[in-house]
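One-letter residues, chain by chain:
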Amino acid sequence: MFYYLLKYVLLGPLLRLVFRPRIEGLGHVPSSGAAIVAGNHLSFSDHFLMPAVLKRRITFLAKAEYFTGPGIKGRLTAFFFHSAGQIPVDRSGKDAGQAAIRKGLGVLGKGELLGIYPEGTRSHDGRLYKGKVGVAVMALKAGVPVVPCAMIGTFEAQPPGRKIPRIHPVTIRFGEPLDFSRYAGMENEKAILRAVTDEIMYAILSLSEQEYVDRYAADVKAAEAERKAEEKRRTPRMPLR
């Protein structure tokens, strides 16, 4: 109930008024039945803008940190995401990944739309990064189509670290559904999973026209954080006077 209150009364109309998003290819999203909507992830705003323009309810796998924050702000954030139908996902290891897949399959098993960001985290620089194979596992196990989606302009509207979005043109572009029925029963073959994931990422890339990086975003972020920490260690301190 709160999901539709947000979508049609509290948040959806405000997002449409402020951002006036341009919607392309909305007809590619199935009007019924289970499907995965796989998109790039550039901004915190993505969580709200895509559901606001879809005609159907969509459930996203959201990082567990949104549900476990401390204090009043943390509790309010957790309430908001729970009420909006988002599912917390622990991203701390392989077992956590399997749990996320089970939760995603549960959504698809009910004939609903599942939203997922195959990169696994927000892009910190606006580029598109290598996709993780969980999206392929779910698509093959559930036997559902994957609709690629590109969020364009949300990075400029709300880049990482910016709490309040700025006004900037936004386009949400949906591509034709990808059918992977030819790989039915092959969800345990690593080469197949990689091929399916890469096909999904290529479709997103074609829609978004981003620069592509054939590395995982989390690895690049970690490497950059380590580089900055090393530079800080090497920088000589000014003597105290």
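This structure is a prediction, so every number in the text was calculated from the model and none was measured.

Definitions and limits used
- Residues numbered from 1 in each chain as written.
- Predicted model: local features only at pLDDT ≥ 70, side-chain atom pairs only at ≥ 80, totals over all residues.
- Heavy atoms only, no water.
- Buried < 20%, exposed > 50% of the residue type's maximum accessible area, 1.4 Å probe, protein only.
- Helix = DSSP H or I, 4+ residues; strand = E, 2+ residues; numbered from the N terminus.
- Expected span 1.5 Å × (residues − 1).
- Contact = heavy atoms within 4.5 Å.
- Phe/Tyr/Trp six-rings, centres within 6.5 Å; stacked < 30°, edge-to-face > 60°.

Participant: Got a minute to help me understand helix H3 (residues 46–53) in this structure?
Facilitator: Since the α-helix turns once every 3.6 residues, residues separated by three or four places project in the same direction. Buried residues dominate H3, accounting for eight of its eight residues. All of the buried residues along H3 are Asp46, His47, Phe48, Leu49, Met50, Pro51, Ala52 and Val53.

Participant: Sorry, what's going on with helix H8 (residues 190–208) here?
Facilitator: Look at H8: 27 Å from first C-alpha to last across 19 residues, which is about the 27 Å you get at 1.5 Å a residue. For H8, the secondary structure elements touched by its buried residues are strand E2 (35–39), strand E6 (128–129), helix H6 (134–142), strand E7 (146–152), strand E8 (171–174) and strand E9 (212–213). Just beyond H8, the residue with positive phi is Glu209, at close to 60°.

Participant: How should I be thinking about the packing of aromatic side chains in this particular structure?
Facilitator: Centre-to-centre distance and the angle between the planes together describe a pair of aromatic rings. If you walk through the whole model with that rule in mind, you get two aromatic pairs. Between the aromatic rings of Phe44 and Phe48, the centroid separation amounts to 5.3 Å while the plane-to-plane angle is 70°, which identifies the pairing as edge-to-face. What makes Phe44 partly exposed here is its relative accessible area of 24%. For Phe48, a relative accessible area of 18% puts it in the buried group. Here Phe60 and Tyr117 contribute two aromatic rings whose centre-to-centre distance is 5.3 Å and whose plane-to-plane angle is 20°, an arrangement assigned as stacked. Taken together, the positions of Phe60 in strand E3 (residues 58–63) and Tyr117 in the loop between strand E5 (113–116) and E6 put the pair 57 residues apart, joining distant regions of the chain. Tyr117 matches Phe60 in its accessibility class, with the two residues each being buried.

Geometry only, nothing functional implied.
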